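# Structural overview for review
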Amino acid sequence: MLNKEQIMELIPHRDPFLLIDEIEVLEPGKRVVAYKHMKPDEFWFKGHFPDYPVVPGVLMVEMMAQAGCAAMLAMPENKGKIGFFGGIKEAKFRRQVVPGDTLKIEVEITKVKGPIGVGSGVCTVNGEKAVSAEITFAIK
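Described in the following lines is the structure provided in the data block. (Residues numbered from 1 in each chain as written. Predicted model: local features only at pLDDT ≥ 70, side-chain atom pairs only at ≥ 80, totals over all residues. Heavy atoms only, no water.)

### What to know about the environment of Lys-39
- Mapped onto the fold, Lys-39 is located in the loop between strand 2 (31-37) and helix 2 (57-73).
- With 63 residues separating them in the primary sequence, Lys-39 and Thr-102 have C-alpha atoms 9.0 Å apart. (Helix = DSSP H or I, 4+ residues; strand = E, 2+ residues; numbered from the N terminus.)

Shown next, in the form of C-alpha cells:
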C-alpha cells in the first residue's frame, strides 16, 4: 500500500489537488487500484452543495486520471515527468458519492503509443459503480 507521501514521489500533484489517498495495487504501465476517502471537510463540499454535499463528477474523473498517471509515471523512463489530460470519452455517472464514502479507483492502461496513453477507468463505492470513463493522456 502506497501512502500520500509515496504517491507524491510518483506524480506531481499536491494538496489541495492531490485527489488520491492511497494506492493498493500498482503495476507500472499496466494497472492501478487507488482509494479516495471522502472526508466531510473536503474543499468541494462547501460549495457543491452546501445543503446536499456531493462529489463533483469531474473530480472523480480527475481521480481516475491521477491514478492512471501514477501507473504511467511509475515506469522508469517516465520518472519526473508530468501526465496531462488529452481526452475523456464515454464518461458515465451512475451513483452519487457523498461524505463518508470511500471511492475505489481502478484504471487499466489499454494503449500506449509514444508519449500518448489511453486508460479505462471505473470508480466504485462498496462494489457499486459510481463513474466510468476512457481517459487519454500525454506524458511530458
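From this point, the narrative continues.
### Describing the pairing of strand 2
- For strand 2, the buried fraction is high: 5 of the 7 residues fall into the buried class.
- Bridging between strand 1 (residues 22-27) and strand 2 involves 5 bridges; their strand directions are antiparallel. Among the inter-strand pairings, Ile-23 is bridged to a residue of strand 2, identified as Ala-34.
- Joining the antiparallel neighbours strand 1 and strand 2 is a turn of 3 residues, in which Gly-29 adopts a positive phi near 75°.
- For strand 2 and strand 4 (residues 102-113), the ladder comprises 7 bridges, and the chain directions are antiparallel. (Buried < 20%, exposed > 50% of the residue type's maximum accessible area, 1.4 Å probe, protein only. Pairing = 2+ DSSP bridges.)

### So, the nonpolar core
- Formed by 39 residues in total, the largest nonpolar core has its most connected members in Ile-11, Val-55, Met-63, Leu-103 and Ile-105.
- Every element with two or more residues in this core is listed here: helix 1 (4-10), strand 2, helix 2, strand 4, strand 5 (116-125) and strand 6 (128-139).
- It is helix 2 that provides the largest number of residues to this core, a total of 12 residues.
- Those residues in contact with Val-55 that lie beyond four places of it in its chain are Met-38, Trp-44, Phe-45, His-48, Met-60, Met-63 and Val-97. (Core = buried A, V, L, I, M, F, W, Y, C linked by side-chain atoms within 4.5 Å. Contact = heavy atoms within 4.5 Å.)

Geometry only, nothing functional implied.
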